[in-house]
Amino acid sequence: MNIMDFNVKKLAADAGTFLSRAVQFTEEKLGQAEKTELDAHLENLLSKAECTKIWTEKIMKQTEVLLQPNPNARIEEFVYEKLDRKAPSRINNPELLGQYMIDAGTEFGPGTAYGNALIKCGETQKRIGTADRELIQTSALNFLTPLRNFIEGDYKTIAKERKLLQNKRLDLDAAKTRLKKAKAAETRASQLNSARLEGDNIMSEQELRITQSEFDRQAEITRLLLEGISSTHAHHLRCLNDFVEAQMTYYAQCYQYMLDLQKQLGRCFPSNYCNNNQTSVAPAPSASSNVIGSSALSSTSGLVITSPSNLIDLKECSGSRKARVLYDYDAANSSELSLLADEVITVFSVVGMDSDWLMGERGNQKGRVPITYLELLN
């Protein structure tokens, strides 16, 4: 047989099948043909797969936005990924801010209060930038990649088999329609060309059995693939747990970095402001207390201003006085006394002590306390 003749015959057969499916589909839409309904279990599986696909795409895209807010950077990374090339490393926003702060602090002079504070803040911002980079890398590997693999791999296979199932159903319903028409024609003309009509019926019944068998087999294949969605959910649950752990590590690192920075700056600000005889702005409450719902946070909605006269009263008071603690304070060494916001302690001055400190007493505990963390009580 000529190969070209074979190709032409195959092309004609494929065209005939496509036309038959198109006619069946159109008649179903117009309500002129019956449609074989899938069983309820298979329909539920198809609905679950479609729902999983839609929400996986949304979660994946929004996670990408969370990790990389810059849309241009996301597009660039997407292009490099499609080209199977590694995107060039770029400095992130915290790292860039940190570098600016360090450069400014160096320019102003590390020996100055402001320059030294800028350098400390800059170093902390760069540490946060490094932690941010690690969060992106870990999340991309353990969370985004599995989600993307499902969308571009497993679900594409499901969609392909689902489309094939749809075609097999159209073939089955088209065969049912042809058999129904053949039987109707046989009834109308039972005496005329009865042998030929009987032969048409036999061919239609054979075709129906074949298409029914193919449809059933494809339905089983599709069902087995769809039942794997439950395993996909279990896998994505583990990936979600990895993502949460990565975020937890990142925020814990950032919290510790800022806590350390606050302690460093907290010991610098009071001295700086008091020596300049300016209004003293007390540092924010120590993060060593509960981050959310601490008494320090609940009692203050912003920065608390302590008047210079109050500081003078605290420093020049004779004997001991009661004072309320404004913010939590962690002792830097054994000579200092740790404080809790809203507690009341006894304070008194000691000859020769630094002007920014008083001696504090709580029960049997004594130690230096920063004056700007206190409010003198009448």
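Residues numbered from 1 in each chain as written. Predicted model: local features only at pLDDT ≥ 70, side-chain atom pairs only at ≥ 80, totals over all residues. Heavy atoms only, no water.

Visitor: Can you walk me through the overall build of the chain in this structure?
Guide: Scanning the chain from N- to C-terminus turns up ten helices and seven strands. Counting the 378 residues in the chain, one finds 34% classified as buried. The contacts in the chain between residues at least 6 apart in sequence include a share of 68% that link residues at least 24 apart. (Helix = DSSP H or I, 4+ residues; strand = E, 2+ residues; numbered from the N terminus. Buried < 20%, exposed > 50% of the residue type's maximum accessible area, 1.4 Å probe, protein only. Contact = heavy atoms within 4.5 Å.)

Visitor: Please explain helix α4 (residues 93-108) as it appears in this structure.
Guide: Since the α-helix advances by 3.6 residues per turn, residues separated by three or four positions end up pointing in the same direction. With 16 residues, α4 ought to run about 22 Å at 1.5 Å a step, and its terminal C-alpha atoms sit 22 Å apart, in line with that. Along α4, the positions that sit buried rather than exposed are P94, E95, G98, I102 and G105. Buried residues along α4 cover an arc of 95° about the axis, so they all sit on one side. Pointing more than 90 degrees away from the buried face of α4 are the exposed residues N93, Y100 and E107. The N-cap residue of α4 is N92: its side-chain oxygen and the backbone nitrogen of E95 are 3.0 Å apart. Immediately beyond the C-terminal end of α4, within one or two residues, lies G109, with a positive phi of roughly 110°. (Expected span 1.5 Å × (residues − 1). Arc of directions from axis to C-beta. Polar contact = N/O pair within 3.5 Å; in protein donor to acceptor, adjacent residues only side chain to side chain.)

Visitor: Explanation requested: the packing of aromatic side chains in the structure shown.
Guide: The description of an aromatic ring pair uses the distance of the two centres, along with the angle that the planes make with each other. Going through the model one piece at a time under the given rule, you end up with seven aromatic pairs. Considering the side-chain rings of Y327 and Y373, the 5.9 Å spacing of their centres and the 90° angle between planes classify their relative orientation as edge-to-face. One end of the pair, Y327, is in the loop between β3 (321-325) and β4 (344-348); the other, Y373, is in the loop between β6 (365-370) and β7 (374-376), with 46 residues separating them in the sequence. When its relative accessible area of 1% is taken as the criterion, Y327 is described as buried. Ring pairing ties together the aromatic residues Y327, Y329, W357 and Y373, which thus form one cluster. We note K58 situated over the ring of W55; from NZ or CZ to the ring centre the distance is 4.5 Å. Over the face of the ring belonging to W357 we find R368, whose NZ or CZ atom lies 4.4 Å from the ring centre. (Phe/Tyr/Trp six-rings, centres within 6.5 Å; stacked < 30°, edge-to-face > 60°. Lys NZ or Arg CZ within 6 Å of the ring centre and 35° of its normal.)

Visitor: Help me understand a nonpolar patch on the surface, please; the structure alone is not making it clear to me.
Guide: Taken together, the side chains of I54, W55 and I59 make up a nonpolar region of the molecular surface, amounting to roughly 290 Å² of accessible area. With respect to the helices and strands, the residue I54 is situated in helix α2 (residues 40-67). (Patch = residues over 30% accessible without salt bridge, like charges linked within 9 Å, V, L, I, M, F, W, Y side chains within 5 Å. Areas by Shrake-Rupley, 256 points an atom, 1.4 Å probe, with all protein chains shown as cover. Salt bridge = Lys/Arg side-chain N within 4 Å of Asp/Glu carboxyl O.)

Visitor: How do you make sense of the pairing of strand β5 (residues 357-362) when you look at a structure like this?
Guide: Here is the key point about a regular strand: its side chains alternate between the two faces of the sheet. The sheet contact formed by β4 and β5 spans three bridges and is antiparallel. The partner of T346 across the bridge, within β5, is E361. Where β5 lies against β6, six bridges are found, and the strand directions are antiparallel. Paired with G360 across the bridge in β6 is G367. Where β5 folds back on β6, the antiparallel hairpin that results is connected by two residues, among which G363 adopts a positive phi of roughly 65°. (Pairing = 2+ DSSP bridges.)

Visitor: Explain the environment of N378 here, please?
Guide: Position of N378 relative to the elements: it lies in the segment after β7. For the pair N378 and R321, spaced 57 residues apart in sequence, the C-alpha separation works out to 8.4 Å.

Visitor: Whenever I open this one, the environment of K156 confuses me. Can you help?
Guide: Residue position: K156 is located in helix α5 (residues 113-188). You can call K156 exposed: its relative accessible area is 55%. Linking K156 and K53, residues 103 residues apart in sequence, is a C-alpha distance of 10.0 Å.

Visitor: I'm lost on unusual backbone geometry in this one. Help?
Guide: For residues that are not glycine, phi is negative in most cases, and the peptide bond is trans in most cases. At D342, a position not held by glycine, the phi torsion is positive, near 80°. Here D342 shows up in the loop between β3 and β4. D342 sits in the partly exposed class, given a relative accessible area of 34%.

Visitor: So what exactly am I meant to see when it comes to the confidence of the model for the chain here?
Guide: Low-confidence regions, as indicated by low pLDDT, have predicted coordinates that should not be scrutinised in detail. For the chain, the mean per-residue pLDDT works out to 80, and 77% of the residues sit at or above 70. Long-range and interchain partners of residues 270-309, a stretch whose pLDDT sits below 50, account for 61 contacts in this model, where long-range means more than four residues apart. (pLDDT = per-residue confidence, 0-100.)

Visitor: Would you mind going over the side chain of D171 with me for this structure?
Guide: Mapped onto the elements, D171 comes out in helix α5. Only 2.8 Å separates the side chain of D171 from the side chain of R21, close enough to count as a polar contact. Other than its neighbours up to four places away in sequence, D171 contacts T17, R21 and T211.

Visitor: Which parts of the structure should I look at to understand the sheet that holds β5?
Guide: Note: strands within a sheet are paired through backbone hydrogen bonds, in either parallel or antiparallel orientation. Strand order in the open sheet made by the five strands is β6-β5-β4-β3-β7, with antiparallel pairing throughout. Edge positions in the sheet fall to β6 and β7, since each has one partner strand and no second. Averaged over all neighbouring strand pairs, the angle between strand axes comes to 45°, with direction disregarded. Judged from the four bridges that link them, β3 and β4 form a sheet pairing that is antiparallel. Looking at the pairing, R321 lines up with V347 of β4. (Axes fitted to C-alpha atoms, helices over the stretch in contact; angles between N-to-C directions.)

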